[in-house]
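Residue-level listing of the chains:
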Amino acid sequence: MYIFKAAVVGAGAMGGGIAQVITYSGLPVIVKDIDEKQLKAAEEHIRSIYQRRVDKGKMSPTTMEEKLGLVEYTLTYDGFDDVDIVIEAVPENMDIKKKVFAELDEVCHPDCIFASNTSALSITEMASATKRPHKVIGMHFFNPAHVMKLVEVIPGAQTSQETIDDVVMFAESLRKIPVVVKECPGFLVNRLLMPYLNEAVMCLQEGAATASEIDKAMGREGFGWPMGPFTLMDMLGIDVCYHVGKYLASQYGDRLEAAVLFEELYKAGRYGEKTGAGFYDYPGTGESEEVQAIIKRLQEEGKVRTGTEFSVDRLIMPMLNEAALCVAENIANVNDIDMACIAGLGMQVRKGDELVRMGPLEYADEVGLDVVLQKLEELESKYGHRFHPADILREKVKRGELGKKTGVGFKEYTI
């Protein structure tokens, strides 16, 4: 099915960004919200993205106005009767999402696709609120939507192959890289990212290192990431990280046990850059005295461990382990897992003076799967079950599939 017109429900930062991406491809889009102020904010956000292109000489003012003219803003479902796809971008609350899908079911034509921009919640459960579960799918964009190339495409239990194909083609028409992911809590990228971020917070709350020390070790001059984990979480939103982390912990148990400090910052309203305070204070530099005081209190109350050590491996190994589990569970194929982390997270690794784009599975092959297994076993003995190695790692090591040094690991290599 060709998509001639789209709609976005939810005019927050992601909703506005997705709408801009759609107009950039030349398609008209309706943006709906229940808050007039939110619609105005989305309109300003979309205009600012285009204005930056004009300021850089990448677009003429005339073209910008043409693109802006493709957006219709509304507080009602008027005009939804002829849209071909609706992307839901409302808050990460299942009840709200199901309510929106039920409302859409009443106003959209029967062939309209319902896509959710959820970062972790069940597509199958959302689909149960409609009479068209075969037309419901996940379409998870990454923030900022106009910059990040990856789109996770997540079929629910009853999503038809036609719907999957249509959404993959639609994502490609938006100049995005679609990766089809088997439905599971957190899908692919957030499932891999959260163990890394969570372990960084564990190190911080235990006094193993400061936020700036960890950011420096993991950033461009250290491991190679575009930014350190605390800078990233402050950008993403501590509230978002908290909710995703809490949900994943409820689904995966001890392996993704959420760090206590997440909840403390959430309760304190320290949501990151958008509130002027997260792990860091904004504007400002260095460590936050308020966060340091919270950590000290948690330690004194015995709610967190003390005397632990920070290492790059402590953050990276859980991510590699989760990627291995995703291979074992057929969440996505090996190449797509690596591509998703490169396109969705900007993952790169420092090799001498060079920064090399590399996903977690290739990096595991680079290190050596026997070495990864050994590091995980050592970390498990120190810090517990969340480092327990995936069975697939043990199996590959037993078979001598150790990575690049043997020519085969998760991928194959010429030696």
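It should be noted that the structure appears before, not after, this text.
Starting from 1, residues in each chain are numbered consecutively following that chain's sequence as written. Given that the model is predicted, a residue must reach a pLDDT of at least 70 before its local features are reported, and side-chain atom pairs must reach 80 or more before they are shown or counted; all residues, however, enter totals for whole chains, interfaces and linings. Values reported for side chains reflect all heavy atoms of the structure, with hydrogen atoms and water molecules removed beforehand.

Q: Kindly report on the state of the cysteines, identifying the contributing residues and their values.
A: The term disulfide is used for any two cysteine sulfur atoms that are within 2.5 Å. Throughout the structure, instances matching the rule amount to zero disulfides. Cys108 takes part in no disulfide bond, and the closest cysteine sulfur to it belongs to Cys112, at a distance of 4.2 Å. Only protein chains enter the accessibility calculation, which uses a 1.4 Å probe; a residue is then buried when its area is under 20% of its type maximum, exposed when over 50%, and partly exposed in between. Classification of Cys108 by relative accessible area gives buried; the value is 7%.

Q: Which residues make up the packing of aromatic side chains, and what are the values?
A: Pairing of aromatic side chains requires ring centres within 6.5 Å, counting the rings of Phe and Tyr and the six-membered ring of Trp. Pairs whose planes differ by under 30 degrees are stacked, by over 60 edge-to-face, and all others tilted. In the structure shown here, the tally under the stated rule is eleven aromatic pairs. Taken together through their ring pairs, the aromatic side chains of Phe230, Phe262 and Phe279 make up a single cluster. As a reminder, the over-ring test applies to NZ of lysine and CZ of arginine, requiring each to be within 6 Å of the ring centre and within 35 degrees of the ring normal. Above the face of the Tyr77 ring, Lys32 is positioned so that its terminal group lies 4.6 Å from the ring centre. If you follow Arg314 out to its NZ or CZ, it ends over the ring of Tyr383, 4.1 Å from the centre.

Q: Requested: an account of the environment of Cys112, with residues and values cited.
A: What counts as a helix is a DSSP run of H or I of at least four residues, what counts as a strand is a run of E of at least two, and both are numbered from the N terminus. Note that Cys112 resides in the loop between α4 (94-107) and β5 (113-116). Judged by its relative accessible area of 0%, Cys112 is buried. Separated by 106 residues in sequence, Cys112 and Ala6 place their C-alpha atoms 9.4 Å apart. In this view, Cys112 contacts Val83, Asp84, Ile85, Val86, Arg132 and Lys135; residues no more than four positions away in its chain are not counted. By definition in these notes, contact holds between two residues if any of their heavy atoms fall within 4.5 Å.

Q: Give me the lowdown on the sheet that holds strand β4 (residues 85-88), citing residues and values where you can.
A: Strand order in the open sheet made by the eight strands is β3-β2-β1-β4-β5-β6-β7-β8, with mixed pairing throughout. Among the strands making up the open sheet, the edge pair consists of β3 (71-74) and β8 (177-180). Pairs of neighbouring strands in the sheet enclose a mean axial angle of 25 degrees, with direction left out of account. Strand pairing is defined by DSSP finding a minimum of two bridges between the two strands. Where strand β7 (residues 150-155) and β8 come together, four bridges link them in parallel fashion. Each bridged residue has a counterpart across the sheet, and for Glu152 the counterpart in β8 is Val179. Fitted lines through C-alpha atoms give the axes, limited to the stretch in contact for helices. The angle between two N-to-C directions lies from 0 to 180 degrees.

Q: Can you tell me about the side chain of Thr163, naming the residues and giving the values?
A: Looking at the secondary structure, you find Thr163 in helix α6 (residues 161-173). Beyond its immediate stretch of four places on either side in the chain, Thr163 contacts Ile113, His134, Lys135 and Ile137.

Q: Run through the pairing of β4, naming residues and quoting values.
A: Burial along β4 is two-sided: the residues Ile85 and Ile87 and Val86 and Glu88 are all buried. The pairing of strand β1 (residues 6-9) with β4 spans four bridges and is parallel. Across the sheet, residue Val8 finds its bridge partner in β4, namely Ile87. Both β4 and β5 contribute to a ladder of four bridges, which runs parallel.

Q: Give me the lowdown on helix α7 (residues 189-205), citing residues and values where you can.
A: Between the first and last C-alpha of α7 there are 24 Å, a value that for 17 residues agrees with the 24 Å anticipated at 1.5 Å per step. In terms of burial, α7 is a largely internal element, 17 of the 17 residues being buried. Residue Gly207 follows α7 closely and has a positive phi angle near 80 degrees. Every helix has an expected span of 1.5 Å times one less than the residues it contains.

Geometry only, nothing functional implied.
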